[in-house]
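Topology and contacts: notes
Residue-level listing of the chains:
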Amino acid sequence: RVLRLARVAKISKLNQAIEDVCASFGIRWLILVIAIFRNLSFIFLLAHVAACVWFYIGRTRKDQNLPGWLDAVDHPTTPDSELYVRSLYWVLGHLTAAPVDPD
């Protein structure tokens, strides 16, 4: 755990060094772009984890012959990658408060 904390501290120092270099060259917009990219990456990572959990819940319920969301969208020939994309769509739809239709 100490090594992980040290790694996080190094990343923080690297981030600060990059911001200092950008500020010294007068390209402050790059700092903003990096911050936006970092935040979007974090949001996508959380959405990915939530989609994996949602997919796991659907697959587990289907394996136990219980009703679930996969019953509405799963066909025997549907690949797992498409089902993952559907679960990611569901998660992103709920994160953005967009209407989510299982079809």
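Chains are numbered independently. Their residues run from 1 in the order of the written sequence. Predicted model: local features are reported for residues with pLDDT of at least 70 only, side-chain atom pairs are reported and counted for 80 or more only, and whole-chain, interface and lining totals are derived from all residues. Each side-chain value is worked out from all heavy atoms of the structure, with water and hydrogens disregarded.

1. Considerations on the overall build of the protein chain
- Numbering of helices and strands starts at the N terminus; helices are DSSP runs of H or I of at least 4 residues and strands are runs of E of at least 2. Within the protein chain, the secondary structure is distributed over 4 helices and 0 strands.
- Ordered by position from N to C terminus, the α and β elements of the protein chain give α-α-α-α.
- Taken across its 103 residues, the protein chain has 15% of its residues classed as buried.
- Between two residues, a contact is recorded if the distance between any of their heavy atoms is within 4.5 Å. Restricting to contacts in the protein chain with at least 6 residues of sequence separation, those with at least 24 account for 39%.
- A 1.4 Å probe and the Shrake-Rupley method give the accessible areas. Residues count as covered only by the protein chains that appear here. Taken as a whole, the protein chain presents about 8200 Å² of accessible surface, with 68% of it coming from carbon and sulfur. Any residue under 20% of the maximum accessible area for its type is buried, any over 50% is exposed, and the rest in between are partly exposed; the area is computed with a 1.4 Å probe on protein chains only.

2. A few points about the confidence of the model for the protein chain
- As a per-residue measure, pLDDT tells how confident the predictor is, with possible values from 0 to 100. Averaged over all residues, the pLDDT of the protein chain equals 82, while 88% of them reach at least 70.
- At the low end of the mean pLDDT range in the protein chain sits helix H1 (residues 2–24), at 74; at the high end sits helix H2 (residues 28–63), at 89.

3. Side note on the nonpolar core
- The biggest cluster of nonpolar side chains holds 5 residues, and these are Phe 55, Trp 69, Leu 70, Val 73 and Leu 83.
- Setting aside its immediate chain neighbours within four residues, Trp 69 contacts Trp 54, Phe 55, Gly 58, Leu 83, Arg 86 and Ser 87. To qualify as a nonpolar core, a set must consist of buried Ala, Val, Leu, Ile, Met, Phe, Trp, Tyr and Cys residues joined through side-chain atoms within 4.5 Å.

4. Quick notes on helix H4 (residues 80–95)
- Between the first and last residue of a helix there are one fewer steps than residues, each counted as 1.5 Å, and that sum is the expected span. When the terminal C-alpha atoms of H4 are compared, their 22 Å separation across 16 residues agrees well with the 22 Å that a helix rising 1.5 Å per residue should span.
- Those residues of H4 that are buried are in contact with H2 and helix H3 (69–73).
- One or two residues past the end of H4 sits Ala 97, with phi positive at roughly 60°.

5. Thoughts on the pattern of salt bridges
- Salt bridges are defined as contacts in which a side-chain nitrogen from Lys or Arg sits within 4 Å of a carboxyl oxygen from Asp or Glu. Following the criterion strictly, the structure yields 2 salt bridges and no others.
- The residue Arg 59 makes a salt bridge to Asp 80 at a minimum N-O spacing of 2.6 Å. One end of the pair, Arg 59, is in helix H2; the other, Asp 80, is in helix H4, and 21 residues separate them in sequence.
- By relative accessible area, Asp 80 is classed as partly exposed at 44%.

6. Here's the deal with empty space enclosed by the protein
- Points on a 1 Å grid, built from protein atoms alone, make a cavity when a 1.4 Å probe fits but cannot get out and make a pocket when they are open with protein on both sides within 12 Å along at least 5 of 7 lines; residues with an atom within 4 Å of a point are the lining residues. Grid points are joined across faces, edges and corners, and a volume is the space filled by probe spheres set on the points. Per the stated rule, a full pass over the model turns up 1 cavity of 30 Å³ or more.
- Quantified by volume, the largest cavity comes out at close to 30 Å³.
- In this structure, the largest cavity is lined by Asn 15, Glu 19, Ile 31, Ile 34, Ala 35 and Arg 38.
- Among the secondary structure elements, those contributing two or more residues to the lining of the largest cavity are H1 and H2.
- The biggest single contributor to the lining of the largest cavity is H2, with 4 residues.
- Broken down by class, the residue content of the lining of the largest cavity amounts to 3 nonpolar, 1 polar and 2 charged. In this count, Pro and Cys sit with the nonpolar residues alongside Ala, Val, Leu, Ile, Met, Phe, Trp and Tyr, while Asp, Glu, Lys and Arg are called charged and the others, Gly among them, polar.

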